[in-house]
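A structural walkthrough
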Amino acid sequence: MKENKTIKKPTVSSIVILSIASVCIVVYIGAIAFAAIRLYTGMTERRNHAEQEFFELVDLSSSAGVLGFMNESFQDTIKDALITSKTLQGVIISGPNEEYAFERERGIAIIWTGDAPQFRSSFGLSKEQFFQPIRIEGQRNVSIRAVFSYIDPNLFILVLKRTLLVILITLSVAFCTLILQFLLSDKRAPERSLVETSEEAQEGLPMELRSEDLFREAEAEVNAETETRDDLPQELHEDFFLPPITHTDFDLSDVLEPLDENEAAEEPRGLYAPRSNIGWEAYTKERLASELHQCASFDQDMVFIIMEFKDTGALEESSYKLLADEAVAFFTHRDLIFEKGSWGISVIIPNIDLDQALTVSQEFHKRVAGKCSAFPEIPQLCIGLSSRSGRLVDTERLMLEASQALKRAWDDEGLPIVAFRSDPEKYRAFIAAQNKSGL
């Protein structure tokens, strides 16, 4: 008895999507970091430029003061210097008895408290004030103060445009990737909670059956039957416990439990059977064929599961209804769950491989066993599985493999879950040989 711990391998599409998402995140962070650094360096450069313009204003004020302090010529010189400045926004000149204020734009940089001017504290204006005494003949204690704008509007708009453009392009790529993933993904894929189980949940139940390990008796029977067939390659027997079949030499009635006479007489009405509220058994083959075709089109795997209580002699309808309700609650897609015989259920799970399905089946087996623990009269649940495994397999073949896996689970007391694992390469080789011999 072997424990089976499976690790879900990432698909090519998931790796591509993850890579694109990682690149988008890096681009977002890079664009924001670039904008922040560019704005910071721009503010530093603007502060240095403002300091240079302030000292030029101080020199102009000293020169204009020779002709007279605060006369019309002096004031015009200060105003012209502010207008031509790229950074300075307000100037306050303190004289011996009074303070004089000059603004680049009225009400932007200076407020008045009585007769005393003060610089505003607002966004965009520096809290740092440049200060310098002015030497003017005949005047004492003359000084000049100035504030500047630390944000260059042109630079800010340019950086914002470039950053938004990069983010918009990256967002468009991410959006297109999301749409592509949505179009390529199967909406009916089982939820993540069905595939992932804890290590504790994976202990105690045999999970996997390979044809070369656990189907030796069935393989011997088939080999004895196929010794007379010249068209079956000998090497195929090593990994297949059943030979590939054709529609002409196989009848599902040989392996699937026949319906009771009362049930056989009842024609399917509606989508779900009233007895169990899951799909009619008569719909199984048609729906399985449709799912096989769809999974083959998208190169996806698919698993077919058959489950049934081991001893149905003492079972009641309520027990079967419990199994059906638990299957719907666990596998979530009612339209992919069907009755099978009198006491069994079939489940189709698209876009999942055999290893994941084994984990899912074990989790469901534990769930049903927990529900039935209070009813000792309910027998053990047996489960048989088979998967597409990259083969162009038909519905009869898949149903046969799952049925034989269920039969093996019935025969082995310690093996309630059995999966048929095929070799896709040998299967394709056999089909090619069949097609070649038929030409």
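Quick look at a nonpolar patch on the surface now. Together, Phe175, Leu178, Ile179, Phe182 and Leu183 make up a nonpolar patch on the protein surface, roughly 520 Å² of accessible area in all. Looking at where Ile179 falls in the secondary structure, it is placed in helix H3 (residues 153–184).

On to the side chain of Ser361. You can see Ser361 is positioned in helix H10 (residues 354–372). Accessibility expressed as a relative area gives 2% for Ser361, which makes it buried. Those residues in contact with Ser361, other than ones at most four positions away along the chain, are Ile305, Ile383, Leu385 and Ile417.

Strand order across the open sheet formed by four strands is E2-E1-E6-E5, with antiparallel pairing between neighbours. Each end of this open sheet is capped by a strand with a single partner; those strands are strand E2 (99–103) and strand E5 (130–133). The average angle at which neighbouring strand axes cross in this sheet is 15°, direction not considered. Sitting on the sheet, helix H2 (residues 72–84) is in contact with strand E1 (88–94) and E2, with an inclination near 155° to E1.

Bringing the nonpolar core into the picture now. Within the largest apolar cluster, 31 residues are counted, with the highest numbers of intra-cluster contacts made by Met307, Phe331, Ile345, Phe364 and Leu385. If you look at the next biggest cluster of nonpolar residues, it comprises 22 residues, including Leu57, Ala81, Leu88 and Ile93.

Our next topic: the packing of helix H9 (residues 317–331) against H10. Running from N to C, H9 and H10 cross one another at 135°; their axes reach a closest spacing of 11 Å. Judged on the interaxial angle alone, H10 and H9 are oblique. Along this stretch, H9 crosses H10, giving a crossing that reads as right-handed. For the pair H9 and H10, the contacting residues are Leu322, Leu323, Glu326, Ala327, Ala329, Phe330 and Phe331 in the first and Val360, Glu363, Phe364, Arg367, Val368, Lys371 and Cys372 in the second.

Two measures describe an aromatic ring pair: the distance that separates the ring centres and the angle between the ring planes. Following the criterion strictly, the structure yields ten aromatic pairs and no others. The structure contains a cluster of three or more aromatic residues connected by ring pairs, namely Phe54, Phe55, Phe130 and Phe148. Note that Arg275 overlies the ring of Tyr320, its terminal NZ or CZ placed 4.0 Å from the centroid.

By the element assignment, Ser387 lies in strand E10 (residues 381–387). A distance of 2.5 Å separates polar atoms of two side chains, one belonging to Ser387 and the other to Ser389. With sequence-adjacent residues up to four places away left out, Ser387 is seen in contact with Asp301, Met302, Val303, Leu354, Leu398, Glu401 and Phe420.

What the five strands build is an open sheet, ordered E8-E9-E7-E10-E11; its pairing is mixed. Single-partner strands in this sheet number two, and they are strand E8 (337–340) and strand E11 (417–420). Strand after strand, the sheet turns through a mean of 20° between neighbouring axes, direction not considered. Examined bridge by bridge, E10 and E11 share four bridges and lie parallel to one another. Looking at E11, one finds that Gly384 is bridged to Val418. Where H10 meets the sheet, it contacts strand E7 (302–309), E10 and E11, and its direction lies at approximately 165° from that of E10. Sheet contacts for helix H11 (residues 395–411): E7, E8, E10 and E11; angle to E10, the most-contacted strand, approximately 145°.

Bringing the pairing of strand E3 (residues 110–113) into the picture now. One ladder, built from four bridges, connects E3 with strand E4 (residues 116–119); its direction is antiparallel. Following the sheet pairing, Ile110 is matched in E4 by Phe119. Linking E3 back to E4 in an antiparallel pair, the connection comprises two residues, with Gly114 at a positive phi of about 70°.

Turning next to the pattern of salt bridges. Oppositely charged side chains may form a pair once their charged atoms are brought near each other. By the definition in use, this model includes 16 salt bridges. One salt bridge connects Arg47 with Glu51, and the closest N-O pair in it is separated by 2.8 Å. On the criterion of helical spacing, the pair formed by Arg47 and Glu51 is a turn pair, its members being four residues apart in helix H1 (residues 12–64). In this structure, Glu317 and Arg275 form a salt bridge, with 2.8 Å as the shortest nitrogen-oxygen distance. Residue Glu317 is found in helix H9, and its partner Arg275 is found in the loop between helix H7 (261–265) and helix H8 (284–297); the two are separated by 42 residues along the sequence. By relative accessible area, Glu317 is classed as partly exposed at 43%. Judged by relative accessible area, which is 23%, Arg275 ranks as partly exposed. A single salt-bridge network, built from bridges that share partners, covers Arg47, Glu51 and Glu128.

Right, let's talk about unusual backbone geometry for a bit. Not every positive phi belongs to a glycine, and Asp299 is a case in point at roughly 55°. You can see Asp299 is positioned in the loop between H8 and E7. According to the relative accessible area criterion, Asp299 is exposed, its value standing at 65%. For Thr332, which is not glycine, the phi dihedral falls at a positive 70°. Looking at the element boundaries, Thr332 is found in the loop between H9 and E8. Since its relative accessible area comes to 32%, Thr332 is described here as partly exposed.

About the cut-offs
Residues numbered from 1 in each chain as written. Predicted model: local features only at pLDDT ≥ 70, side-chain atom pairs only at ≥ 80, totals over all residues. Heavy atoms only, no water. Patch = residues over 30% accessible without salt bridge, like charges linked within 9 Å, V, L, I, M, F, W, Y side chains within 5 Å. Areas by Shrake-Rupley, 256 points an atom, 1.4 Å probe, with all protein chains shown as cover. Salt bridge = Lys/Arg side-chain N within 4 Å of Asp/Glu carboxyl O. Helix = DSSP H or I, 4+ residues; strand = E, 2+ residues; numbered from the N terminus. Buried < 20%, exposed > 50% of the residue type's maximum accessible area, 1.4 Å probe, protein only. Contact = heavy atoms within 4.5 Å. Pairing = 2+ DSSP bridges. Axes fitted to C-alpha atoms, helices over the stretch in contact; angles between N-to-C directions. Core = buried A, V, L, I, M, F, W, Y, C linked by side-chain atoms within 4.5 Å. Parallel < 35°, antiparallel > 145°, perpendicular 65-115°, else oblique. Left-handed = near helix turned anticlockwise from the far one by under 90°. Phe/Tyr/Trp six-rings, centres within 6.5 Å; stacked < 30°, edge-to-face > 60°. Lys NZ or Arg CZ within 6 Å of the ring centre and 35° of its normal. Polar contact = N/O pair within 3.5 Å; in protein donor to acceptor, adjacent residues only side chain to side chain.

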